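# Structure assessment
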Amino acid sequence: MQQLAVLNSAAAAQTFADYCLTQGWSVSVVVHSAVHAEIFCEAADEPQVAAELQQFLQQPGHDKYSAAAWQRSQPAENSGSSGLGALGQGFLQQTGPVVWLLTIPALLVFICLQIWPQQVFDSLRFFSADAPELLSYRWWSPMLLHFSAGHLMFNLLALWIYGGRLEVWLGSRQLLLLALVAGFVSNLSQFLLIGPNFGGLSGVVYAIFGFVWVYGWRFPQQPLQLSKPDLVLALAFLGLGFADLLWVNTANWAHLSGFVCGMALATLARSPVRQPG
């Protein structure tokens, strides 16, 4: 997709995109704020969409636009689903199989930790002080260990929001590569600098933050971007962790190394070629 226009009204941009989608044109909107929204479209649809945009800017209140917006807001009549089901369906469309591959085991491991805490931890922890085995699942298994519900939900929420967007726009292979490399690097860094008693997807989540940030900086005309508030929050949490000012123990070196790893992989990534259908 390529950027077509920037509007000073997110509501107007969404209304226009709703109309385009009802016409079968591939259009998406990236909202930065209530007064800043970007419209993207496929190159094949650009002539029709650009012409329609000129008409929309002249008559934004035309009935056809409001009718399309209303139609797009009625998933229950169009799809047979309603309420939370319709909301969930839309949410699931924003992710892919790799996010599920990380989410389901993490949830199952968390449940098992509540029943057999020591056994599960011993089975999935990083290597002990002994020499690590070259071929072992323990290079990555600590990613599945979460020691509180808050820890788990924060990581999964970030994974679904930004990891899901990354997977939709760049493909499952890119997110899988990022998770494997960042999981290995962050776990090894935390082990070498602190020790084996750690766990969580935070290293991978920070790698996703780093990747999306740098990728968005390299290719500003595509929708995969890390918002400034989320970037500030992630860096602030990282800084507070190293300053030991947080209310919980954090795997700070896993966070930092994951973040740097994600940034490095983003510098090697190609320009966007796969767009959501």
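As a starting point, this report considers the structure included with it. (Residues numbered from 1 in each chain as written. Predicted model: local features only at pLDDT ≥ 70, side-chain atom pairs only at ≥ 80, totals over all residues. Heavy atoms only, no water.)

This part covers the packing of helix 1 (residues 10-22) against helix 2 (residues 46-58). At a closest axis distance of 11 Å, the pairing of helix 1 and helix 2 adopts a crossing angle of 130 degrees. Taken together, helix 1 and helix 2 sit at an angle that is classed as oblique. The handedness of the crossing between helix 1 and helix 2 is right-handed. Residue-level inspection shows Ala12, Thr15, Phe16, Tyr19 and Cys20 of helix 1 in contact with helix 2, the latter providing Val49, Glu52, Leu53 and Phe56. Split by residue class, the contact of helix 1 with helix 2 holds seven nonpolar, one polar and one charged. (Axes fitted to C-alpha atoms, helices over the stretch in contact; angles between N-to-C directions. Helix = DSSP H or I, 4+ residues; strand = E, 2+ residues; numbered from the N terminus. Parallel < 35°, antiparallel > 145°, perpendicular 65-115°, else oblique. Left-handed = near helix turned anticlockwise from the far one by under 90°. Contact = heavy atoms within 4.5 Å. Nonpolar A, V, L, I, M, F, W, Y, C, P; charged D, E, K, R; others polar.)

A rise of 1.5 Å per residue sets the reference length of helix 1, with its 13 residues, at 18 Å; its end C-alpha atoms lie 19 Å apart and thus fit the reference within 8%. Ala10, Ala13, Phe16, Ala17, Asp18, Tyr19 and Cys20 are the residues of helix 1 that are buried. Taken from the residues just after helix 1, Gly24 is the one with a positive phi, measuring 85 degrees. (Expected span 1.5 Å × (residues − 1). Buried < 20%, exposed > 50% of the residue type's maximum accessible area, 1.4 Å probe, protein only.)

For the coordinates displayed, the defined rule picks out one salt bridge. In this structure, the salt-bridge partner of Lys64 is Glu52, at a minimum N-O distance of 2.9 Å. Of this pair, Lys64 sits in helix 3 (residues 63-72) while Glu52 sits in helix 2, placing them twelve residues apart in sequence. Assessed through its relative accessible area of 26%, Lys64 is described here as partly exposed. (Salt bridge = Lys/Arg side-chain N within 4 Å of Asp/Glu carboxyl O.)

The next subject is the nonpolar core. Most often, soluble globular proteins have nonpolar side chains that are buried together. Formed by 47 residues in total, the largest nonpolar core has its most connected members in Leu166, Leu201, Ile208, Phe209, Phe211 and Tyr215. Listing elements by their share of this core, those giving two or more residues are helix 6 (97-115), helix 7 (117-124), helix 8 (149-170), helix 9 (172-193), helix 10 (202-218), helix 11 (228-242) and helix 12 (252-268). Ranked by residue count, the leading element in this core is helix 10, at ten residues. Discounting chain neighbours no more than four positions away, the residues touching Leu201 are Leu102, Ala106, Met143, His146, Asn155, Leu156 and Leu159. If you look at the next biggest cluster of nonpolar residues, it comprises 19 residues, including Tyr19, Ala37, Ile39 and Tyr65. (Core = buried A, V, L, I, M, F, W, Y, C linked by side-chain atoms within 4.5 Å.)

Helix length check: helix 2, at 13 residues, gives a terminal C-alpha distance of 18 Å against a target of 18 Å (1.5 Å per residue), a fit within 8%. All of the buried residues along helix 2 are Val49, Glu52, Leu53 and Phe56. End-on view of helix 2: buried residues confined to an arc of 110 degrees, all on one side of the axis. Seen from the buried face of helix 2, the exposed residues on the opposite side, beyond 90 degrees, are Pro47 and Gln58. (Arc of directions from axis to C-beta.)

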